[in-house]
Amino acid sequence: MIKKIISSIVLVICLYPILFVLIGSLMGNDEVSQYFNSVFDSKESIELFVLPKYVTLQAYIEILLDTPSFFAAFWNSVKTTLLILCGQLLVSLPAAWWFAQSSFRGKKLLYQFYIVVMILPFVVTMLPQYLVLKSLGLLNSHYSIVLPAIFSALPVFIICPYFQTIPEEILESSRVDGAKEWQVFLNIGIPLAIPGIWISIILNLIEYWGAVEAIIVFVEEPKLWTLPMFLNSIQMNKPGVSFVAAAISMIPPILIMMLGGRHLEEGLLNQIEGK
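What you are looking at is a predicted structure, and each value in this text was computed from that prediction instead of being measured.

## A closer look at the overall build of the chain
On a plain count of helices and strands, the chain comes out with 15 helices and zero strands. Across the 275 residues of the chain, 37% fall into the buried class. In the chain, once contacts between residues fewer than 6 apart in sequence are set aside, the share between residues at least 24 apart is 75%. Carbon and sulfur atoms provide 70% of the accessible area of the chain, an area that totals close to 16800 Å².

Given below as C-alpha cells:
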C-alpha cells in the first residue's frame, strides 16, 4: 500500500509539468499572466494552477494560423534532429562494432579516451568546434549543428556493450560458414543490438530536440532557428502562445517514447543487471 502511494506521488510529480503546459495552452493570455503575477508579486495570494477558468483555443489559432515562423522553427528542429540521429547511427554502429570485436591491442585505451570526450561539457569543446566550423565555412548553417553531433560518443557508449555480449560461438560459426564481417555485422550484430539502438535514439532525440547551446553559438539568422530558440523569442505578453508552442513541441518526443519505450526499459534493465 505504501509503495503504491509513493509511486502515485512520484507519478503525479513527473506528469505535472506536462499537465501544466497543456492546461496553460487552454488559457488566455490574461489568465496566464494573472497566475504568473500572483507568483512573483509577494502582495498577492498565490492561486493554484489547476484548471482554466475560461477555456480558449485562441493561442492554438494564433500559432497554427497566424505564426508561420513557428512552422519554420518546427521544420528546422525536425530536419536537424533526424539528420543527427541518422548520422549517429551510420557512424556509431560501425565504431561500436569495431570497439567490441576488434583485436587491436590499444582499443581499450582508445575507448577510454573516447568516453572521456563524451563527458566533456559543451563549453569545453565550443571553441575548437567553432574554429573548425569556421575554417570549413559552415557557420550560420544547420551543418554547424548537425556535423558535431553526428560524431557524439554517447551512441557508441550505449551500443558497444550489446555487441560485446554476443556469444563468440555464434560469430565464429557464421564466419566458418563463409559470412563476411559486414554480413555478420548486419545480420547478427545489429538485430541483437536493437534495444541499445532504441536507447540511443530516444536519449539523443530528447537531447537534440531541445538543444539550444550550439544554435546560439553557431547560428545567427532567425530563419534557421529551431524550436527552443523560437520559444525564447516569443514576447512576454503572449504566455498562452508559449504554452501552445511548448505543447506541440512535446509531441515528437512523446511519440518516440511510445514507440520505443519498451526497448528503452528492457535495455536499461539489462544494463543494471549486467546482462
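## A short note on the side chain of Ser77
Mapped onto the fold, Ser77 is located in helix H4 (residues 68–101). Residues in contact with Ser77, not counting those within four places in the same chain, are Trp209, Thr226, Leu227 and Pro228.

## Quick look at the layout of surface pockets
Each pocket or cavity is described by its volume, and for the largest pocket that value is around 710 Å³. Surrounding the largest pocket, 30 residues form its lining, Phe122, Gln129, Ala149, Glu207 and Tyr208 being those nearest its centre. Along the lines of polarity and charge, the residues of the lining of the largest pocket split into 20 nonpolar, eight polar and two charged. Taken together, Ile18, Ile206, Trp209, Gly210, Leu227, Pro228, Leu231, Ala246, Ser249, Met250, Pro253 and Ile254 form the lining of the second largest pocket. The set of elements that each furnish at least two residues to the lining of the second largest pocket consists of helix H11 (194–209), helix H13 (227–233), helix H14 (239–249) and helix H15 (251–273). With three residues, H13 is the largest single contributor of residues to the lining of the second largest pocket. The residue inventory of the lining of the second largest pocket, partitioned by class, reads 10 nonpolar, two polar and no charged.

## Let's talk about the packing of helix H10 (residues 181–192) against H11
The interhelical angle for the contact between H10 and H11, taken along N-to-C directions, is 60°, at an axis separation of 4 Å. From H10, Ile190, Pro191 and Leu192 reach across to H11, where they touch Ile194, Pro195 and Ile197. Across the contact of H10 with H11, the residue classes tally to six nonpolar, no polar and no charged.

## A look at the environment of Cys86
Inspection of the secondary structure assignment puts Cys86 in helix H4. A C-alpha to C-alpha distance of 9.1 Å links Cys86 and Ile201, two positions 115 residues apart in sequence.

## Comments concerning the pattern of salt bridges
In total, this model carries four salt bridges according to the counting rule given. Across the salt bridge formed by Arg175 and Glu181, the nearest N and O atoms sit 3.1 Å from each other. The partly exposed category is assigned to Glu181, whose relative accessible area is 37%. Linking Glu221 and Lys223 is a salt bridge whose minimum nitrogen-to-oxygen distance equals 3.5 Å. Relative accessible area serves as the criterion here: at 31%, Glu221 is assigned to the partly exposed category. The network of salt bridges with shared partners includes Glu168, Glu172, Arg175 and Glu181.

Reading the values: the criteria
- All residue numbers here refer to positions counted from 1 along the written sequence of the relevant chain.
- pLDDT decides what is reported in this predicted model: residues at 70 or higher carry local features, side-chain atom pairs at 80 or more are listed and counted, and totals for whole chains, interfaces and linings draw on all residues regardless.
- Heavy atoms throughout the structure, all of them, feed into the side-chain values; hydrogens and water do not.
- Strands here are runs of E lasting at least two residues and helices are runs of H or I lasting at least four, both read from the DSSP assignment and numbered beginning at the N terminus.
- Three exposure classes are used, based on accessible area relative to the maximum for each residue type with a 1.4 Å probe and protein chains only: buried under 20%, partly exposed in between, and exposed over 50%.
- It only takes one pair of heavy atoms within 4.5 Å for two residues to be counted as in contact.
- Computed with a 1.4 Å probe, the accessible areas rest on the Shrake-Rupley method; for each residue, only the protein chains presented here act as cover.
- Both site types are read off a 1 Å grid over the protein atoms alone. A 1.4 Å probe that fits but cannot get out defines a cavity, while an open set with protein on both sides within 12 Å along at least five of seven lines defines a pocket; lining residues have an atom within 4 Å of a point.
- Grid points are joined across faces, edges and corners, and a volume is the space filled by probe spheres set on the points.
- For this scheme, ten residues count as nonpolar: Ala, Val, Leu, Ile, Met, Phe, Trp, Tyr, Cys and Pro. Four count as charged, namely Asp, Glu, Lys and Arg, and the remainder, Gly too, count as polar.
- To get an axis, a line is fitted to the C-alpha atoms, and for a helix only the part in contact is used. The angle between two axes follows their N-to-C directions and goes from 0 to 180 degrees.
- Whenever Lys or Arg places a side-chain nitrogen within 4 Å of a carboxyl oxygen from Asp or Glu, that contact is recorded as a salt bridge.

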